4 protein chains.
Amino acid sequence: MAKVGIIGATGYAGAELVRLLVSHPTVDIAAISSVSFEGKLISEVYPSFFGFCDYICRTAEDVVEKSDVVFAALPHGMSQEIAAECAETGKIFIDLGADFRLDSEDEYKEWYNGEYSYPELHEEAVYGLPELFRSEIEGKRIIGNPGCYPTSIALALSPALKAHAVNTEGIILDSKSGVTGAGRGLTQTGHFPEANENFSPYKVASHRHTPEIEQTLSKAAGVKLNVTFVPHLLPVNRGILSTCYAKLNYGVDEQQIRELYERAYKAEYFVRLLPKGQTACIRNVKFSNFCDISLHIDERTGTLIVVSAIDNMVKGAAGQAIQNMNILLGLPETTGLEFVPPAF
Amino acid sequence: MAKVGIIGATGYAGAELVRLLVSHPTVDIAAISSVSFEGKLISEVYPSFFGFCDYICRTAEDVVEKSDVVFAALPHGMSQEIAAECAETGKIFIDLGADFRLDSEDEYKEWYNGEYSYPELHEEAVYGLPELFRSEIEGKRIIGNPGCYPTSIALALSPALKAHAVNTEGIILDSKSGVTGAGRGLTQTGHFPEANENFSPYKVASHRHTPEIEQTLSKAAGVKLNVTFVPHLLPVNRGILSTCYAKLNYGVDEQQIRELYERAYKAEYFVRLLPKGQTACIRNVKFSNFCDISLHIDERTGTLIVVSAIDNMVKGAAGQAIQNMNILLGLPETTGLEFVPPAF
Amino acid sequence: MAKVGIIGATGYAGAELVRLLVSHPTVDIAAISSVSFEGKLISEVYPSFFGFCDYICRTAEDVVEKSDVVFAALPHGMSQEIAAECAETGKIFIDLGADFRLDSEDEYKEWYNGEYSYPELHEEAVYGLPELFRSEIEGKRIIGNPGCYPTSIALALSPALKAHAVNTEGIILDSKSGVTGAGRGLTQTGHFPEANENFSPYKVASHRHTPEIEQTLSKAAGVKLNVTFVPHLLPVNRGILSTCYAKLNYGVDEQQIRELYERAYKAEYFVRLLPKGQTACIRNVKFSNFCDISLHIDERTGTLIVVSAIDNMVKGAAGQAIQNMNILLGLPETTGLEFVPPAF
Amino acid sequence: MAKVGIIGATGYAGAELVRLLVSHPTVDIAAISSVSFEGKLISEVYPSFFGFCDYICRTAEDVVEKSDVVFAALPHGMSQEIAAECAETGKIFIDLGADFRLDSEDEYKEWYNGEYSYPELHEEAVYGLPELFRSEIEGKRIIGNPGCYPTSIALALSPALKAHAVNTEGIILDSKSGVTGAGRGLTQTGHFPEANENFSPYKVASHRHTPEIEQTLSKAAGVKLNVTFVPHLLPVNRGILSTCYAKLNYGVDEQQIRELYERAYKAEYFVRLLPKGQTACIRNVKFSNFCDISLHIDERTGTLIVVSAIDNMVKGAAGQAIQNMNILLGLPETTGLEFVPPAF
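Residues numbered from 1 in each chain as written. Chains lettered and ligands numbered in written order. Predicted model: local features only at pLDDT ≥ 70, side-chain atom pairs only at ≥ 80, totals over all residues. Heavy atoms only, no water.

J.: Looking at this model, I keep getting lost on the packing of aromatic side chains. Mind explaining?
T.: Tallied over the entire structure, the rule returns 62 aromatic pairs over all chains. Judged by centre distance (5.5 Å) and plane angle (15 degrees), the ring pair of A:Phe192 and C:Phe192 falls under stacked. Of the two residues, A:Phe192 is situated in helix H9 (residues 192-195) and C:Phe192 in helix H9 (residues 192-195); the pairing between them involves two chains. Both residues of the pair, A:Phe192 and C:Phe192, count as buried. For the pair B:Tyr12 and C:Phe344, a centre-to-centre distance of 4.2 Å together with 40 degrees between the ring planes defines the contact as tilted. Pair noted here: B:Tyr12 is in helix H1 (residues 12-22) and C:Phe344 is in the segment after helix H12 (314-328), and the two residues belong to different chains. Given a relative accessible area of 3%, C:Phe344 falls into the buried group. Members of the aromatic cluster, joined through ring pairs, are A:Tyr12, A:Tyr46, A:Phe49 and D:Phe344. Looking at A:Lys219, its charged tip hangs above the ring of A:Phe133, at a distance of 5.4 Å from the centre. The ring centre of B:Phe290 lies 4.2 Å from the NZ or CZ of B:Arg272, which sits over that ring. (Phe/Tyr/Trp six-rings, centres within 6.5 Å; stacked < 30°, edge-to-face > 60°. Helix = DSSP H or I, 4+ residues; strand = E, 2+ residues; numbered from the N terminus. Buried < 20%, exposed > 50% of the residue type's maximum accessible area, 1.4 Å probe, protein only. Lys NZ or Arg CZ within 6 Å of the ring centre and 35° of its normal.)

Have a look at this one:
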């Protein structure tokens, strides 16, 4: 049994990690930490855990010391020191924050206003989206776990871009996320009477996930591309749905598109390519590590529309982090992640 | 006091007409009808009306006979006969369905699988979107009241298209609607446990509102254009939010765009152009006849993003129908429609 | 046109007062105040008001000076000084907080931990539940506007208690409120992901509205009685539904109960006694000043069950405050309050 | 691996059984049936199951033939024939419907308007609430799986009644259920725009679960008792919360009550007695087989208030059915049921 630890366990992503790791058959939670609730039981913060998941919140140092695998679910800028400690002591480090996602320090500076304190760690770190970068992940010890929006979009568009089936200009990404995406911290936007029965875009064409999205799509396309990305806040707890629009290249038809995606994902347990006539939706992936993808062609305008849906807290955060851990530990990738999404 | 009647009063659009017309200061509801509930009180169908709005549902014939202004809120294909009767007897007819919205009978055939029984009525009918076609509406007696999605989109993009500020190709319209948009009829999609905590596109690039949207945008642009339109179902009762994407033409900047919209809407009570930095959302227009519009520029890709929000049952249906009635009756256009949208 | 002012206009009850008073035909809003947002437009706090309801938030002193009628929507303990100022200058004062609701200073001390600074004002103040105390309200100048839960419960049980039709012991009041009842202030309980898809009692048998409820029911019964009151938090924005249980006295039957309530409320516009077979619910009163009441008899146990529903922000706060103002100004009681509750 | 089958697999309770049994480590789903969807994949009805849970819906006969354990999730009146077939062939039969819950055929006639076709089967059948009747369940082959409301109430009040700590008269049970409780069938009440933002009692003091509740509470009390039971419809998908009121007997204090419950449930994995100061709520038990219970005393009126919360589809239906199966198969009772309820 590998010993795992969670730094930042009382945020939403951290709490979801706790929930999933408790049920993982081949790891043990060795320690968890929280700055805000140090010394308290996590079940005092999340009483749904009461009675059988009553870990005490300790310090980040405790977690690093006691664990073979360290997960960090922290605001950006706070993971680099912890990564360095893990590197020194040979521990696996999986960062659910943004510090190890971007190849380019310039982009990190521009969008996150920070810098790379340990460039050699960034050299070593790999972007942990297994369906696209599995071979690079294997054997690594520092993982930048992808953002929620970028996961949904990268899986939606990579096959078409890799095959040069769509134009790299004019890509429009209209994404919608549940409120847990904004975390446990209180905001007026997340106050029930103002989020409920509401729907709104936010950070229009200026969200920090933009460079991460472009990084992955550019790798797929083989050229640097820019996208228009608009996130929206949905009045649901969980889930991200991205509606992705790209111009079909000349001569590409629906059959070709479908074959591209079938080839790309036929061996991927966690990507479900829906049959023609079905449409991806949030309900069908909730509480699971699946990414559902549906393909649609607008013949009238020559546009490929790919709809992808994930649970933002699972495939978009904690589940994908565990998927990465499974790879690094040499476990079957689906271990502890074979959830059947509830029908309602 | 003008006498008004509502045919199809027990559907959602019909019931909303009843609610708004009861409070209108210069008209009286003379009769309402319903095929499903003939002989019953509308307050038996909608007990929120109990005690002071207890009209008996009669036949369509009764409504036409007793009213000076006839509203019809019927499935498509069922309004033309009623329009003909109104025309014969000199009554005003305002159709909330789709029968009088499209100029082209071919498009009506293609998308609605019907035909125009009284071509002369279609000659006379005008598309009732007052902010864009007010001068054509004045003095008419048959109005095709716009669809909900088309209203939100036409108001969002017409100023930019009229001024040739954006490209007519590659327009992407990503719209999201509350569940009332699908009406009172029971469907699995609208069953609470399946709509709640869910979000999904539907009729991707194949919704019947597409030709209506293209008709208005083409008129604005002065050329026939096609759009990619994807509607989504939101887990809220009311509201439509459309996120509209168009490529900026060479040299057009944010300042110019803002001035175009200010000019277009400065005299329009029901269109609220939001100041820079604010974003349109559903909450702020609910239960009102407002259309809120916010303008956003993605400098990195040269894209104009216009976000518009309406209450689908008010500005998207019953409220706009009354706005049209006010014009036809020579009343101030805002009569009976000056609702303050609740803060929560 | 009477000049009205609102102190505490940026809380939820204050904002609802603004919304309703803007549309009131015979008063003008002279000034509003807010400690948190002094100098800002209320439409910056609530953008739903943008464009036509853009009052600047000033100080409480400004409001008192400029208004004939002063509404205060403040936390308890903060209204007494303002009431004193209003009394000195002969202005009407309507307090939406708790400072003037309880006859007994001892109970105020026990439940609110405060004291009565101006006993003579409390002598003059009257509890503003018009359907029960109209004759006492007329001609007064200080009103303690009832709490939301107490309004729903007092209207539900007073007729049965006045007629000695039910036992004064063993009354159980199981109430459920929407999240706006807890106000605009941010709390973990009101954070969308924790309130949504949740339901919970709170302050079980210890809520501050208990003495207010008992005061009114005791007056109705003619004896001092105690009740068991348990409020619950509902995942909706607006509305309170109270399910009230009382033992029928010997020999009292359903017909007698129904007649009692018909007699009590037949002349009351804002109380809708539902016909046998119907059940009060939140949907049918939302955005209105109605209190819907349904009567049910459990023959197997001899229990009267009265269900009452109000909009907590209207009949439970701002609407009732305006109803009181109308009485004090000699206006028809329904002026500005004849909202048709929407069907959805 | 035991072979299990599900009759009525496409209703909500049946689909939840499929979801939970797919992950059960020591049983295999041998067959499922559905009258409405015979010949279709269950994943066509519930696309959340797509790709890894694609059972074909067959006939009830197929299920009985292929299974060692047969679950039936059918409308009442339809399980007796299937039970008889199972009895003949020595199979275990677990009925999620109402046919085997009531000891008294008279009560079944009165409330369900049916009769007992095989009295000997009813002799053999046992009411499957393991925490209260475990010793009777062991070794049996026909189980009447309890209703959702009765489960929440029986666990809430049995300890107090068994110890004669509360009066058997005047028990008030105010229960609130999510919309899945009403099943997959379409109704106006369950239509999203009418259920959302609404809350209402229904079947006030006349719900069919009343005799089942009274049967269990009477057994606990040792005398026949009647209760007042009022169910309400909550705008959430899952969960039941029951607020249960009973008069404390003379001299019984909070400490005694708490000790009674601690003794009753200290060995029960699935009942979580919350510490003083906490309140049971729906969020903390969703997607789990837990029943959370909190105890509250109203000292002012001498009333015990017990709040219990379950997931209506798990502990209130499918989860409890599997718990019963585990007992009958001699498995640890928690096998396949150790879900950590998500924090959000």
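Next comes the rest of the account.
J.: Any chance you could explain the interface of chain B and chain A here in plain terms?
T.: A common way to express how large an interface is: the accessible area buried when the components associate. Counting from both sides, the interface comprises 45 residues of chain B and, opposite them, 45 residues of chain A. For the pair chain B and chain A, the summed buried surface comes to about 3600 Å²; carbon and sulfur atoms form 58% of the total. As a salt-bridge pair, A:Glu214 and B:Arg300 come within 2.6 Å of each other at their nearest N and O atoms. Applying the counting criterion to the chain B and chain A interface returns 30 residue pairs in polar contact (both at pLDDT 80 or more). Tallied by class, residues from the side of chain B that touches chain A come to 21 nonpolar, 13 polar and eleven charged. (Contact = heavy atoms within 4.5 Å. Buried area = accessible area lost by both parts, 1.4 Å probe. Salt bridge = Lys/Arg side-chain N within 4 Å of Asp/Glu carboxyl O. Polar contact = N/O pair within 3.5 Å; in protein donor to acceptor, adjacent residues only side chain to side chain. Nonpolar A, V, L, I, M, F, W, Y, C, P; charged D, E, K, R; others polar.)

J.: Can you walk me through the side chain of B:Ser308 in this structure?
T.: Residues and elements named next belong to chain B. For Ser308, the location among the structural elements is in strand E14 (residues 303-310). Engagement of the side chain of Ser308 in a polar contact is seen with the backbone oxygen of Ser152, the distance being 2.7 Å. In contact with Ser308, not counting residues within four places along its chain, are Ser152, Ile153, Ala156, Ile240, Leu241, Ser242, Cys291, Asp292 and Ile293.

J.: What am I meant to see in the pattern of salt bridges here?
T.: A side chain of one charge can pair with a side chain of the opposite charge when the charged atoms of the two come close. All chains considered together, the criterion is met by 53 salt bridges over all chains. Here B:Arg134 and B:Glu268 are joined by a salt bridge, their closest N and O atoms 2.8 Å apart. With B:Arg134 in helix H7 (residues 130-137) and B:Glu268 in the loop between helix H11 (254-265) and strand E12 (271-273), this residue pair connects regions lying 134 residues apart in the sequence. On the accessibility criterion, B:Arg134 (24% relative accessible area) is partly exposed. Residue classification places B:Glu268 among the buried positions, given a relative accessible area of 11%. Shared partners join several salt bridges into a network, and the residues in it are A:Glu16, A:Arg19, A:Arg238 and A:Asp311.

J.: I keep staring at unusual backbone geometry and nothing clicks. Help me out?
T.: Among all residues save glycine, negative phi is the norm, and among peptide bonds the norm is trans. The backbone phi angle of A:Ala205 is positive, close to 55 degrees, even though this residue is not glycine. For A:Ala205, the location among the structural elements is in the loop between strand E9 (200-201) and helix H10 (209-221).

J.: Even after reading the chapter, I still don't get the interface of chain A and chain D, so can you show me in this structure?
T.: Taken together, the contact between chain A and chain D spans 33 residues of the former and 33 residues of the latter. Buried surface at the junction of chain A and chain D, both sides included, amounts to about 2800 Å², of which 66% is carbon and sulfur. Broken down residue by residue, the surface that chain A buries against chain D is led by A:Phe50, A:Val340 and A:Phe344, which jointly contribute 28%. Connecting chain A to chain D are zero salt bridges. Summed over the shared surface of chain A and chain D, the number is twelve residue pairs in polar contact (both at pLDDT 80 or more). No other element matches helix H1 (residues 12-22) of chain A, which puts five residues into the side of chain A that touches chain D. Across the side of chain A that touches chain D, the residue classes tally to 21 nonpolar, seven polar and five charged.

J.: Help me out: how do you make sense of the relation of the copies chain B and chain A in this one?
T.: One copy of the chain maps onto the other through a rotation about an axis followed by a shift along the same axis. Expressed as a screw operation, the relation of chain B to chain A combines 0.0 Å of axial shift with a rotation of 180 degrees, fitting to an RMSD of 0.0 Å. Here the symmetry operator amounts to a two-fold rotation axis. (Least-squares fit on C-alpha atoms with pLDDT ≥ 70 in both.)

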